[in-house]
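# Geometric and topological summary
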Amino acid sequence: MARPIKETPILTGEDAERFVKEMQRVEAISPEVRAAYQEKMKREFQEISKRIHICI
């Protein structure tokens, strides 16, 4: 039987401010940098998949 999902707490104070700053920082990445990160992740995933013999 599945466990019930707990309510998501509401962020307040410093936690809320830190969350908003982190969200803005992530969105500030240029499309070129984001694409480079995605390509790097794909290459690394393919390398790991080869090592553990998973075909995708």
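So, here is what we can say about the structure in this document. Keep in mind it's a predicted model, so treat the numbers as computed, not measured. (Residues numbered from 1 in each chain as written. Predicted model: local features only at pLDDT ≥ 70, side-chain atom pairs only at ≥ 80, totals over all residues. Heavy atoms only, no water.)

The next subject is the overall build of the chain. Summing up its helical and strand segments, the chain has 2 helices and 0 strands in all. Its C-alpha atoms give the chain a radius of gyration of 18 Å, clearly above 10 Å, the size a compact globule of 56 residues would have. Its C-alpha atoms give the chain principal-axis dimensions of roughly 45 × 45 × 15 Å. Expressed as a percentage of its 56 residues, the buried residues of the chain come to 2%. (Helix = DSSP H or I, 4+ residues; strand = E, 2+ residues; numbered from the N terminus. Rg over C-alpha atoms; globule rule 2.2 N^0.38 Å. Buried < 20%, exposed > 50% of the residue type's maximum accessible area, 1.4 Å probe, protein only.)

Our next topic: a nonpolar patch on the surface. On the surface, a nonpolar cluster with roughly 350 Å² of combined accessible area is contributed by Leu11, Phe19, Val20 and Met23. Topologically, Met23 is positioned in helix H1 (residues 13-27). Here Met23 falls in the partly exposed class, since its relative accessible area comes to 38%. (Patch = residues over 30% accessible without salt bridge, like charges linked within 9 Å, V, L, I, M, F, W, Y side chains within 5 Å. Areas by Shrake-Rupley, 256 points an atom, 1.4 Å probe, with all protein chains shown as cover. Salt bridge = Lys/Arg side-chain N within 4 Å of Asp/Glu carboxyl O.)

This part covers helix H2 (residues 31-51). For H2, spanning 21 residues, the distance from its first C-alpha to its last is 30 Å, which sits close to the expected 30 Å at 1.5 Å a residue. Once H2 ends, the next one or two residues include His53, with phi positive near 60°. (Expected span 1.5 Å × (residues − 1).)

Moving on, we get to the pattern of salt bridges. All chains considered together, the criterion is met by 3 salt bridges. Between Glu47 and Arg51 there is a salt bridge, with the nearest N and O atoms lying 3.4 Å from each other. With Glu47 and Arg51 both in helix H2 and 4 residues apart, this pair spans about one turn of that helix.

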